[in-house]
Amino acid sequence: MRVGLALPQWDISVPAERPLRWETVAAWARRAESVGLGSLWLADHLFWDVSRYGGPAEPVGSLDPLATLGALARVTTTARLGTLVLCAPLRPPTVLAKALATVDVVCGGRLTVGIGAGWYEPEFSASGVPFLAPGQRLDQLEEAIAILRGMFGGGPFYFPGRHWTVDEATCRPRPLQRPAPPIVVGGRGDRLLALVARAADGWNTVWAWTPEAYQERLRTLRAACERVGRDPGSVSLSLGLTTLVGESEADLRRRFDRMQAVAPAGVMDGVSLDQWRRGRLVGTVEQVREQVAAWAALGVDELIVGAGPVPFSVVDLDDLDRIAIATNVGGSWEASEPLS
């Protein structure tokens, strides 16, 4: 199983650092790669808040994922670089394809394209983009995936869609990966899983899951694959989980207390360690090894760890050492085919 890290990205991602500094992001990326983590991930928000996690609704700044991945390409050498996930309705797919192709060239063919339908309504309103009904946003997403695949071929490309029309568009240089960078769709609903079966290379979901709930969603995905005549095993599975690892129960408690002390107000208030364990990758090194083995047995190809109290946040660099030991990291997602 491959293991990756959700990098710090927000102005509340790192304790006592606001705004977030690029040098800090680069340091976490280098450390993650040095301990053997095989991928690095960034989200896609114009700004963000932690109200859905119990924290304040105050918007905070966010680094753009594509610009940041381009920079990370120059400070890393082996880790795959990915988006978790791009918001399809906010990014015209022809323009997005050009940016992604460039990132793949700059990073030497290490890009994974995570993309989704979007959910954070405030950024739609702020940018003047209509926040359509969920079904319509899924339609936009499916069209965007089709356009990305077409554009990755270099062009000229034509697409007469309902949401986007493409007329003789080109994308040169093409991505280095052949036939193209893998496209992973993020989400969990029935209609989205049906879209994954029709159009995506992989499926991702985050940040708190029990094996039982995940198995139910897997059954839905496999049924969707069977309906369209696709081998369910051809869909790669990546799972993001909030993660905390200790050498012992005492060390785990110390790290939990440290995380709770720096969490945004409301996120971990009154939460016990036992409560925090549920649905997350939390425990001693041996306990987490057992949890990782259980996820591997369910077919998960890649675990993406969130090492802080909210997604794309962190606490201390030494957390990565314990995570690396507990997850037995080694290897990374290979390119679709050898690069020519």
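Everything numeric in this text was worked out from a predicted model, so none of it was measured.

Calculation notes
- Along every chain, residues carry numbers that run from 1 in the direction the sequence is written.
- Totals for whole chains, interfaces and linings use every residue, but because this is a predicted model, local features are given only for residues with pLDDT of at least 70 and side-chain atom pairs only at 80 or more, for both listing and counting.
- Each side-chain value is worked out from all heavy atoms of the structure, with water and hydrogens disregarded.
- Cavity and pocket criteria rest on a 1 Å grid covering protein atoms alone: a 1.4 Å probe that fits but cannot get out defines a cavity, protein on both sides within 12 Å along at least 5 of 7 lines defines an open pocket, and an atom within 4 Å of a point defines a lining residue.
- Grid points are joined across faces, edges and corners, and a volume is the space filled by probe spheres set on the points.
- Secondary structure counts use DSSP, requiring at least four H or I residues in a row for a helix and at least two E residues in a row for a strand, with both numbered from the N terminus.
- Under this grouping Gly is polar, as are all residues other than the nonpolar Ala, Val, Leu, Ile, Met, Phe, Trp, Tyr, Cys and Pro and the charged Asp, Glu, Lys and Arg.
- Exposure classes here rest on a 1.4 Å probe applied to the protein chains alone. A residue is buried below 20% of its type maximum, exposed above 50%, and partly exposed in between.
- Strand pairing is defined by DSSP finding a minimum of two bridges between the two strands.
- Orient the strands so they point away from the viewer, and a crossover whose first-strand-to-second-strand path over the helix runs clockwise is right-handed.
- Fitting a line to C-alpha atoms yields each axis, with helices limited to the stretch in contact; the angle taken between N-to-C directions then spans 0 to 180 degrees.
- Our angle categories are set so that under 35 degrees counts as roughly parallel, over 145 as roughly antiparallel, 65 to 115 as roughly perpendicular, and the remainder as oblique.
- Take the far helix as your reference; a near helix turned counterclockwise from it by less than a right angle gives a left-handed crossing, and one turned clockwise gives a right-handed crossing.
- Two residues qualify as a contact provided that any one of their heavy atoms is within 4.5 Å of a heavy atom in the partner residue.
- In this scheme, a helix's expected span is set at 1.5 Å multiplied by one less than its residue total.
- One speaks of a salt bridge when a side-chain nitrogen belonging to Lys or Arg is within 4 Å of a carboxyl oxygen belonging to Asp or Glu.
- In the analysis that follows, any N or O atom pair within 3.5 Å is treated as a polar contact, provided that within protein one partner can donate a hydrogen and the other can accept it, and provided that, for residues neighboring in sequence, both atoms belong to side chains.
- Charged-residue counts in this description rest on Lys and Arg as positive and Asp and Glu as negative, His and the chain ends being excluded.

### Some words on the layout of surface pockets
Step number 1: Volume-wise, the largest pocket comes out at about 890 Å³.
Step number 2: When residues of the lining of the largest pocket are traced back to their parent elements, those giving at least two are β4 (86-87), α5 (134-152) and β9 (202-205).
Step number 3: Among the elements that make up the lining of the largest pocket, the one with the highest residue count is α5 (three residues).
Step number 4: Residue composition of the lining of the largest pocket, grouped by class: 22 nonpolar, eight polar and six charged.

### Topic: the pairing of strand β5 (residues 111-116)
Step number 1: β5 sits mainly inside the fold: six of its six residues count as buried.
Step number 2: Neither face of β5 is open: one carries L111, V113 and I115, the other T112, G114 and G116, and all of them are buried.
Step number 3: Pairing of strand β3 (residues 80-83) with β5, which is carried by two bridges, proceeds in the parallel orientation. Across the sheet, L81 pairs through a bridge with L111, a residue of β5.
Step number 4: Two strands pair when backbone bridges link them, and β4 and β5 are joined in this way by two bridges, in the parallel orientation. Among the inter-strand pairings, L86 is bridged to a residue of β5, identified as I115.
Step number 5: This β-α-β element, β4 to helix α3 (residues 93-106) to β5, shows right-handed connectivity.

### Here's the deal with the packing of helix α8 (residues 249-262) against helix α11 (residues 318-327)
Step number 1: Where α8 meets α11, the axes come as close as 12 Å, and the angle between the chain directions of the two elements is 135 degrees. Between α8 and α11, the crossing angle belongs to the class labelled oblique. Along this stretch, α8 crosses α11, giving a crossing that reads as left-handed. Of the residues in α11, those in contact with D251, R255 and R258 of α8 are D318, D319 and R322.

### A few points about helix α1 (residues 22-34)
Step number 1: Here α1 is 13 residues long and its end C-alpha atoms lie 18 Å apart, about the 18 Å a rise of 1.5 Å per residue gives.
Step number 2: Among the residues making up α1, those that are buried are T24, V25, A26, W28, A29, A32 and E33.
Step number 3: Once α1 ends, the next one or two residues include G36, with phi positive near 105 degrees.

### Some details on the pattern of salt bridges
Step number 1: As enumerated under the stated definition, the model contains 24 salt bridges in all.
Step number 2: Put simply, D64 and R91 hold a salt bridge, and the shortest N to O gap is 2.9 Å. Of this pair, D64 sits in the loop between β2 (39-42) and α2 (65-72) while R91 sits in the loop between β4 and α3, and the two are 27 residues apart along the sequence.
Step number 3: You can call D64 partly exposed: its relative accessible area is 35%.

### Let's talk about the side chain of T327
Step number 1: Examined against the element boundaries, T327 turns out to sit in helix α11.
Step number 2: The exposure class of T327 is buried, given its relative accessible area of 6%.
Step number 3: One polar contact links the side chain of T327 to the main-chain carbonyl oxygen of I323, over a distance of 2.7 Å.
Step number 4: Discounting chain neighbours no more than four positions away, the residues touching T327 are V3 and V292.

### Concerning the side chain of D49
Step number 1: Turning to its location among the elements, D49 is positioned in the loop between β2 and α2.
Step number 2: No salt bridge forms around the buried D49; measuring N to O, its nearest opposite-charge neighbour R52 is 8.0 Å away.
Step number 3: For D49, the side chain forms a polar contact with the side chain of S51, separated by 2.6 Å.
Step number 4: A distance of 2.5 Å separates a polar atom in the side chain of D49 from a polar atom in the side chain of Y120.
Step number 5: If near-sequence neighbours (up to four positions away) are discounted, D49 is found in contact with P56, A57, E58, P59 and Y120.

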